[in-house]
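# Breakdown of the fold
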Amino acid sequence: MTSVRLRRLRQDERFRRLIRENDLKVDQLVAPFFVVEGKGIEKPIASMPGISQYSLDTLLKEVGGVAQSGVGSILLFGVPSEKDAQANGAWDAKGIVPQAITAIKKEFPKLLVMSDVCLCAYTDHGHCGLVEKNGNSDGVIVNDASVEVLAKMALAHAQAGVDMVSPSDMMDGRVGAIRDTLDENGFDQVPIMSYAVKYASSFYGPFRDAAESPPQFGDRRSYQMDSANQDEALREGLQDMAEGADILMVKPALTSLDIISQLKETTGLPIAAYNVSGEYAMVKAAAEKGWLNEKEAVLEMLTSMTRAGAQILVTYWAKDVAQWLQE
Ligand code: PBG
């Protein structure tokens, strides 16, 4: 007789259910959407099978389907047709995202609508901040001027009726600036979910196809974090918390499970995990080849993020997961 038999509680489904520690819930899912200008557009993204860019009219239908599935939250990314060096489109009150926010809130008042706040889709150079040329080099990111534009962008979204803003740019001080701007304009009830820890990552590749935002020169390593760093991630999280972030986001998710759990422990704030485009693409590709069971792989991945401590899961599989959880 062995003294300890952990397997005793695994012997059948009843025991396994009894002792299961983490369950996925539909309430924690957030579905991202890419909004383009125009009409009647549904443009599939080659590197993200099942995901498309939508114009306002087709978006409303698609959002309706997601809401129907039980998913309660969406995250909007704008893909404007006009870009310039100053990212002027980013804070245009008539821009594609404010329009989408207002239309969605009108048609689906119960849905929680979040918006991405970042300049990369609005700048002609594709960087997340404004760039200053210096001499012959490509230029450097100017932090504080970028932060001003980001705050104006968040305000435009709040004025359009967004429920929560989500800055993903990684400039310093943007959470505090956005908080102040929102408060001064009567939007003190609009929370901020900041991408506190955003590693420079190859796993964002497919997203840049979807958002049409690849940097035209250089890379994002002067503002996104080095994925070798852990203490720095905690500093980023604590800084955003001090500036007034309500929820901290970590991404990519799969390669940052340690950070999710440490950040939760250190800050006590709700943590969101972004199950990013590259994580989506690799499972989709393997599943298409018959090498992985998509549903099982996805539920396992998302459960591991929950186990690590993420309360909120931003995932391109949100609608599928909502359906799978009901099966
Ligand atoms: C924009 C932004 C990116 C993602 C979310 N917001 C891309 C990037 O920083 O290059 C990535 C999301 C994904 O890969 O699904 N700043």
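Residues numbered from 1 in each chain as written. Predicted model: local features only at pLDDT ≥ 70, side-chain atom pairs only at ≥ 80, totals over all residues. Heavy atoms only, no water.

Our next topic: unusual backbone geometry. Cis peptide bonds are those with omega within 30 degrees of zero, and the linkage from lysine 251 to proline 252 qualifies with -5 degrees. The backbone of glutamate 212 sits at a positive phi, close to 50 degrees, despite the residue not being glycine. Position of glutamate 212 among the secondary structure elements: in the loop between α6 (205-210) and α7 (231-243). The exposure class assigned to glutamate 212 is partly exposed, which follows from its relative accessible area of 34%. (Helix = DSSP H or I, 4+ residues; strand = E, 2+ residues; numbered from the N terminus. Buried < 20%, exposed > 50% of the residue type's maximum accessible area, 1.4 Å probe, protein only.)

Let's shift gears to the pattern of salt bridges. For the structure shown, the criterion picks out eleven salt bridges. Between arginine 174 and aspartate 169 there is a salt bridge; the shortest N-O distance is 3.2 Å. Exposure remark for arginine 174: the relative accessible area of 1% places this residue in the buried category. Judged by relative accessible area, which is 0%, aspartate 169 ranks as buried. A salt bridge links glutamate 327 to lysine 295, with the nearest nitrogen and oxygen atoms 2.8 Å apart. Of the two residues, glutamate 327 is situated in the segment after α11 (318-326) and lysine 295 in helix α10 (residues 294-308); the sequence distance between them amounts to 32 residues. (Salt bridge = Lys/Arg side-chain N within 4 Å of Asp/Glu carboxyl O.)

Let's shift gears to the packing of aromatic side chains. Counted by the stated rule, this structure contains nine aromatic pairs. On the numbers, 5.0 Å between centres and 80 degrees between planes, the contact of phenylalanine 77 with phenylalanine 207 is edge-to-face. Here the residue phenylalanine 77 occupies a position in strand β4 (residues 73-79), and phenylalanine 207 occupies one in helix α6, the gap between them amounting to 130 residues. Since its relative accessible area comes to 4%, phenylalanine 77 is described here as buried. For phenylalanine 207, a relative accessible area of 13% corresponds to the buried category. A connected cluster of aromatic rings, assembled from ring pairs, spans Phe34, Phe77, Tyr195, Phe207, Tyr274, Tyr280, Tyr316 and Trp317. For lysine 152, the ring lying beneath its charged end belongs to tryptophan 91, and the centroid distance is 3.8 Å. (Phe/Tyr/Trp six-rings, centres within 6.5 Å; stacked < 30°, edge-to-face > 60°. Lys NZ or Arg CZ within 6 Å of the ring centre and 35° of its normal.)

Burial within strand β1 (residues 29-36) is extensive, with eight of its eight residues counted as buried. Bridge count between β1 and strand β12 (residues 312-315): two bridges; the pairing is parallel. Residue valine 30 lies in a different strand from β12, and its bridge partner there is valine 314. Strand direction decides the pairing type here: β1 and strand β3 (residues 52-54), joined by two bridges, are parallel. From the neighbouring strand, phenylalanine 34 faces β3, where its bridge partner is glutamine 53. (Pairing = 2+ DSSP bridges.)

Turning next to the site of the ligand. The environment of the ligand is formed by 18 residues, the closest being Lys198, Arg208, Lys251, Ser277 and Tyr316. At a separation of 2.7 Å, an oxygen atom of the ligand approaches a polar side-chain atom of lysine 198. Between an oxygen atom of the ligand and a side-chain N or O atom of serine 277, the distance comes to 2.7 Å. With the chains in place, 100% of the 400 Å² that the ligand exposes on its own is no longer accessible. (Near = heavy atom within 4 Å. Polar contact = N/O pair within 3.5 Å; in protein donor to acceptor, adjacent residues only side chain to side chain. Areas by Shrake-Rupley, 256 points an atom, 1.4 Å probe, with all protein chains shown as cover.)

This part takes up a nonpolar patch on the surface. Nonpolar side chains collect at one region of the surface, where Leu9, Leu18 and Ile19 lie side by side and expose about 290 Å² of accessible area between them. As for its placement among the helices and strands, isoleucine 19 is situated in helix α1 (residues 13-19). (Patch = residues over 30% accessible without salt bridge, like charges linked within 9 Å, V, L, I, M, F, W, Y side chains within 5 Å.)

On to helix α8 (residues 257-267), then. Burial in α8 covers these residues: Ile259, Ile260, Leu263 and Thr267. Buried residues in α8, looked at end-on, bunch into an arc of 105 degrees, giving them a common side. Looking at the buried positions of α8, the neighbouring elements they touch are β9 (193-198), α7, β10 (247-251), β11 (271-275) and α10. Glycine 268 lies just past α8 and shows a positive phi near 70 degrees. (Arc of directions from axis to C-beta. Contact = heavy atoms within 4.5 Å.)

Here we come to the environment of lysine 152. Tracing the backbone through its elements, the reader meets lysine 152 in helix α4 (residues 143-160). On the accessibility criterion, lysine 152 (37% relative accessible area) is partly exposed.

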